[in-house]
Amino acid sequence: MTEHVAPSRLLHNLLIAVIIIAAMIFTKAWLIPVSWGFLFACFLYPLCSFLEKKGLNRTAVSMAVTLCFCIVMVFVLYFLITSAFHIIQNNDNVLNKIKEGFESAVLYIQSKTGIEFYHPENLKENISNAFRSGIGILTTQFSTVGANLLTIALTPVFLFFLLNARGLVKDFFLNNYSGNSLETIQNFIQKAHTSVKNYLWGTLILTVVTAIMTYIILILFGIKSAIFFSVFLAILNIIPYLGNLIAYIGILSFVWITKDSGSTVIYVTICLYFSNMIQENILRPKLIGDKMEINPFMILSAVMLGAIIWGVSGMVLFVPFLGIGKALVESNPEWNKYAILFSSGEGDKRNRMKNFASKILNKKEVPGKKKGSIEKKKD
């Protein structure tokens, strides 16, 4: 009997997973702004709660906080766009320098290895065609962003409604569940909120620290537009593991183009490498990894799966969703056995240290108790 039940249950779970992924793909125009609104609502909830405790109306608070959020986002986007155009205008020979650099690099590799990738007379034509293809790809991506402007504009709308109607979720569960079911749901909501909150605040602190460290490095080497590239790197740093790589390629390409000295590129590369080592091995685990207690494999898998399903938005959003999934697995008694797949091992280490410390303390207390009991017998 059990041999037939297990495969049917497995197929049932796989079918549910396929349906969920299909729904996420076909309804992403609605789910992406809702998810962004939910993420920003979790981040802005403490501010709203603080203002409401001062006696302000919830609707007015939600509207004011959403408006302030929109102003900040518009300012950041305006700064990035204007700075990018300013860099392009002041470095109108960027493409020519890149083409010349690629030409010299290819010719150098051919001379050292003896392997001819291109004929010298066709090298410029091939590189020019490659650049045209690259520009075409970038144009397609920008047109896709333009087509999704309505989706981006819906995010503040959903943010307002989520902030204003957040009490309805609590009332729904209180009116429809009780006993162990209500306790399980409350436990899940508490764990999910803690996981998302830790992720958001850890990411914010890491973003600020990353921007400051990058700005200091670029200023020390006299790199122009240091503020722009610091903000650029800090924003891409939100994408775990992959964001830094993309940002570093852009920064080093700009340094290579604007600086005649090749040693400057090497020094900046070394400094950014050590900065990234500090961020990824010390700051990110302490600020985000340890608090969410999810292993890097699961986080990287969530980033890649998010990129396949929702693109850039999925690369950011699927990490906190992973924390919510971990909270759901831990809160459900039937699924609790799968929680070990999310574990980073840090919690187990802490538990072993606590058990070890408790054993030592117990051993120290035992002789005292025996001595007291012996003295009582003598009395």
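Residues numbered from 1 in each chain as written. Predicted model: local features only at pLDDT ≥ 70, side-chain atom pairs only at ≥ 80, totals over all residues. Heavy atoms only, no water.

**With respect to the overall build of the protein**
Using the following cut-off: Numbering of helices and strands starts at the N terminus; helices are DSSP runs of H or I of at least 4 residues and strands are runs of E of at least 2. Buried means the residue's accessible area, taken with a 1.4 Å probe over protein chains only, is under 20% of the maximum for its type, while exposed means over 50%, and partly exposed covers the values in between. The criterion used for residue contact is that any of the two residues' heavy atoms lie within 4.5 Å. All accessible-area figures derive from a Shrake-Rupley calculation using a 1.4 Å probe, and residue coverage is judged against the displayed protein chains alone.
Helix and strand counts for the protein stand at 14 helices and zero strands. Reading the helices (α) and strands (β) of the protein from amino to carboxyl end gives α-α-α-α-α-α-α-α-α-α-α-α-α-α. Counting every position in the protein, which comprises 379 residues, the buried fraction comes to 31%. Sequence-distant contacts, at least 24 apart, represent 71% of the contacts inside the protein between residues at least 6 apart. A total of about 24700 Å² of accessible surface is found on the protein, and carbon and sulfur atoms cover 69% of it.

**Section: a nonpolar patch on the surface**
Applicable threshold: Candidate patch residues must exceed 30% relative accessible area and have no salt bridge, after which like charges are joined if within 9 Å and Val, Leu, Ile, Met, Phe, Trp or Tyr side chains if within 5 Å. A pairing counts as a salt bridge when a side-chain nitrogen of Lys or Arg comes within 4 Å of a carboxyl oxygen of Asp or Glu.
There is a patch of nonpolar side chains on the surface, built from W201, L204, V208, I212, Y215, I216, I219, L220 and I227 and spanning about 840 Å² of accessible area. Along the polypeptide, W201 turns up in helix α8 (residues 179-220).

**Considering helix α13 (residues 312-331)**
Put simply, the rule is: To estimate the expected span of a helix, count its residues, drop one, and scale the result by 1.5 Å. In this analysis the local bend is the angle between axes fitted, respectively, to the seven residues ending at and the seven residues starting at the residue.
The terminal C-alpha atoms of α13 lie 30 Å apart, and with 20 residues this matches the ideal 28 Å at 1.5 Å per residue to within 8%. Of all the bends in α13, the largest measures some 35° and sits at F318, one to four residues before the proline P320. The buried fraction of α13 amounts to 15 of the 20 residues, a majority that puts the element mostly inside the structure.

**Topic: the packing of aromatic side chains**
The geometry of an aromatic ring pair comes down to the distance between the two centres and the angle between the two planes. Rules: To pair, rings of Phe, Tyr and Trp, with the six-membered ring standing in for Trp, must have centres within 6.5 Å; the planes then decide the type, stacked if under 30 degrees apart, edge-to-face if over 60, and tilted in the middle.
On inspection of all chains with the given rule, the structure shows 14 aromatic pairs. Where F40 meets F69, the ring centres are 4.5 Å apart and the plane angle is 50°; that geometry is what we call tilted. With F40 in helix α2 (residues 28-53) and F69 in helix α3 (residues 58-90), this pair connects stretches of sequence that are 29 residues apart. Relative to F321, the ring of W310 lies with its centre 6.3 Å away and its plane at 75°, an arrangement referred to as edge-to-face. Here W310, found in helix α12 (residues 296-310), pairs with F321, found in helix α13; they are 11 residues apart in sequence, far enough to count as distant.

**What to know about the environment of L39**
Residue position: L39 is located in helix α2. Distance in space between the C-alpha atoms of L39 and V196 is 8.0 Å, their sequence separation being 157 residues.

**Section: the environment of Q186**
Here Q186 shows up in helix α8. As a C-alpha pair, Q186 and F173 span 13 residues in sequence and 8.7 Å in three-dimensional space.

**Regarding the packing of α8 against helix α9 (residues 226-236)**
The condition that has to hold: Angular values range over 0 to 180 degrees, each being the angle between N-to-C directions of two axes fitted as lines to C-alpha atoms, with helices fitted over their stretch in contact. Two helices that cross are described as forming a left-handed crossing if the nearer one is turned anticlockwise from the farther one by less than a right angle, and a right-handed crossing if clockwise. Charged means Asp, Glu, Lys or Arg here, nonpolar means Ala, Val, Leu, Ile, Met, Phe, Trp, Tyr, Cys or Pro, and polar covers whatever is left, Gly included.
Relative to each other, α8 and α9 sit at 145°, their axes nearing to 8 Å. Pair α8 / α9 crosses with right-handed handedness. Residues T207, T210, A211, T214, Y215, L218 and I219 of α8 form the contact with α9, whose participating residues are A226, I227, F229, S230, L233 and A234. Taken together, the residues of the contact of α8 with α9 break down into nine nonpolar, four polar and no charged.

**Side note on the pattern of salt bridges**
Within this structure, the stated rule accounts for four salt bridges. Here R58 and E52 are joined by a salt bridge, their closest N and O atoms 3.3 Å apart. You can call R58 partly exposed: its relative accessible area is 32%. The buried category is assigned to E52, whose relative accessible area is 19%.

**Here we look at the side chain of S313**
Within the fold, S313 resides in helix α13. Here S313 falls in the buried class, since its relative accessible area comes to 18%.

**Points about helix α10 (residues 242-258)**
Given a rise of 1.5 Å per residue, 17 residues ought to cover 24 Å, and the 25 Å separating the end C-alpha atoms of α10 matches this to within 8%. Those residues of α10 not exposed but buried are G243, N244, A247, Y248, I251, F254, V255 and I257.

**Looking at unusual backbone geometry**
Phi at S225 is positive, roughly 55°, even though this residue is not glycine. With respect to the element layout, S225 can be found in the loop between α8 and α9.

**Digging into the confidence of the model for the protein**
Quick note on the threshold: Confidence scores labelled pLDDT are given residue by residue by the predictor and lie between 0 and 100.
Mean pLDDT for the protein: 77, with 74% of residues reaching 70 or above. Looking over the protein, one finds the lowest element-wise mean pLDDT in helix α14 (residues 346-378), namely 48, and the highest in α2, namely 90. Predicted confidence is poor over residues 350-357, with pLDDT under 50, and the contacts of this stretch with residues over four places away or in other chains come to two contacts. Here residues 368-379 scores under 50 on pLDDT; set against residues more than four positions off or in separate chains, the count is zero contacts.

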